[in-house]
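A look at the structure
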Amino acid sequence: MSRSVETTQMYLPILRVTLGFMFFSAFVRRTINVPDKLNPHSSAYVGGKLITFLPHAWAPIRGTLEYVLLHPALLYEFLIFFTAMEALFGLLMMLGLFTRLSGLALALLSWGIGLGAGWLGPTCVDEWQIAVVEGAAAFMFIFTGSRWLSLDQLLSSRFPQGLKVGKMHIPLW
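Now for a quick tour of the structure. What you see is a predicted model, and the numbers here were worked out from it, not measured in a lab.

**Quick notes on the layout of surface pockets**
- When its volume is computed, the largest pocket comes out at roughly 770 Å³.
- If you trace the largest pocket, you find 33 residues lining it, with Arg-30, Phe-53, Phe-82, Glu-86 and Ile-113 closest to the centre.
- For the lining of the largest pocket, the secondary-structure elements that each account for two or more residues are helix H2 (12–33), helix H3 (46–53), helix H4 (61–70), helix H5 (72–95), helix H6 (99–117) and helix H7 (126–144).
- It is H5 that provides the largest number of residues to the lining of the largest pocket, a total of eight residues.

This is the structure:
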């Protein structure tokens, strides 16, 4: 049985919403469920986990990681920025708004986590699972966009050629 690309697109919202939720839920965990994860004076502070990444981190993330760990105020700002990016692009992915851009941002966040964690060994592969699975899914949305059940679909009916920002053309799907 052969299915058209249009039929296949009907199933992508399941993956799109799941992927977006994975990133948005990281924001919720750090800001609502356990706000101490963003408190530098707490033992739950996420900055402490990054210290365990450093010996295993790969270039080019290793240098950035070393720098922010040596500058705690910058580390805090970095974690706030990273958390905000997870929230913003996770929400955009769930809504199917600027899905291609969100796919790019989420792929970079995912693979950044993987490079930052390096290979921690067979007892701690969570970061690699995140990097590989979520990064690949996000990368897929760079190519496919989001058609069915998305805000991109609504926008594309109003802007069939996509959005134009300066000389840059941004396809919605």
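**Let's talk about the nonpolar core**
- Counting residues in hydrophobic clusters, the biggest one holds 16 residues, and the most contacted among them are Leu-19 and Leu-106.
- Only H2, H5, H6 and H7 provide two or more residues apiece to this core.
- The greatest single-element share of this core, amounting to five residues, is contributed by H6.
- In this structure, Leu-106 is in contact with Leu-19, Phe-23, Phe-89, Gly-90, Met-93 and Ala-138, ignoring residues within four places of it in sequence.
- Membership of the second largest hydrophobic core comes to twelve residues, among which are Val-46, Leu-50, Val-68 and Leu-75.

**Concerning the packing of aromatic side chains**
- Under the counting rule described, the total for this entry stands at five aromatic pairs.
- The interplanar angle of 65° and the centroid separation of 5.1 Å between the aromatic rings of Trp-58 and Trp-128 together place this pair among those described as edge-to-face. Taken together, the positions of Trp-58 in the loop between H3 and H4 and Trp-128 in helix H7 put the pair 70 residues apart, joining distant regions of the chain.
- A relative accessible area of 39% means that Trp-58 is categorised as partly exposed.
- Plain terms: the ring middles of Trp-111 and Phe-139 are 5.6 Å apart, the flat faces sit at 50° to each other, and that makes the pair tilted. With Trp-111 in helix H6 and Phe-139 in helix H7, this pair connects stretches of sequence that are 28 residues apart.
- Trp-111 sits in the partly exposed class, given a relative accessible area of 33%.

**Looking at the packing of H2 against H5**
- Their axes nearest at 7 Å, the elements H2 and H5 cross at an angle of 150°. Comparing the axis directions of H2 and H5 gives the class roughly antiparallel. By crossing handedness, the relation of H2 to H5 is classed as left-handed. Residue-level inspection shows Arg-16, Val-17, Leu-19, Gly-20, Phe-21, Phe-23, Phe-24, Ala-26, Phe-27, Arg-30 and Thr-31 of H2 in contact with H5, the latter providing Thr-83, Glu-86, Ala-87, Gly-90, Leu-91, Met-93, Met-94 and Leu-95.
- Across the contact of H2 with H5, the residue classes tally to twelve nonpolar, four polar and three charged.

Basis of the calculations
- Residues numbered from 1 in each chain as written.
- Predicted model: local features only at pLDDT ≥ 70, side-chain atom pairs only at ≥ 80, totals over all residues.
- Heavy atoms only, no water.
- 1 Å grid on protein atoms, 1.4 Å probe; cavity = no way out; pocket = protein on both sides within 12 Å on 5 of 7 lines; lining within 4 Å.
- Points joined across faces, edges and corners; volume = space filled by probe spheres on them.
- Helix = DSSP H or I, 4+ residues; strand = E, 2+ residues; numbered from the N terminus.
- Core = buried A, V, L, I, M, F, W, Y, C linked by side-chain atoms within 4.5 Å.
- Buried < 20%, exposed > 50% of the residue type's maximum accessible area, 1.4 Å probe, protein only.
- Contact = heavy atoms within 4.5 Å.
- Phe/Tyr/Trp six-rings, centres within 6.5 Å; stacked < 30°, edge-to-face > 60°.
- Axes fitted to C-alpha atoms, helices over the stretch in contact; angles between N-to-C directions.
- Parallel < 35°, antiparallel > 145°, perpendicular 65-115°, else oblique.
- Left-handed = near helix turned anticlockwise from the far one by under 90°.
- Nonpolar A, V, L, I, M, F, W, Y, C, P; charged D, E, K, R; others polar.

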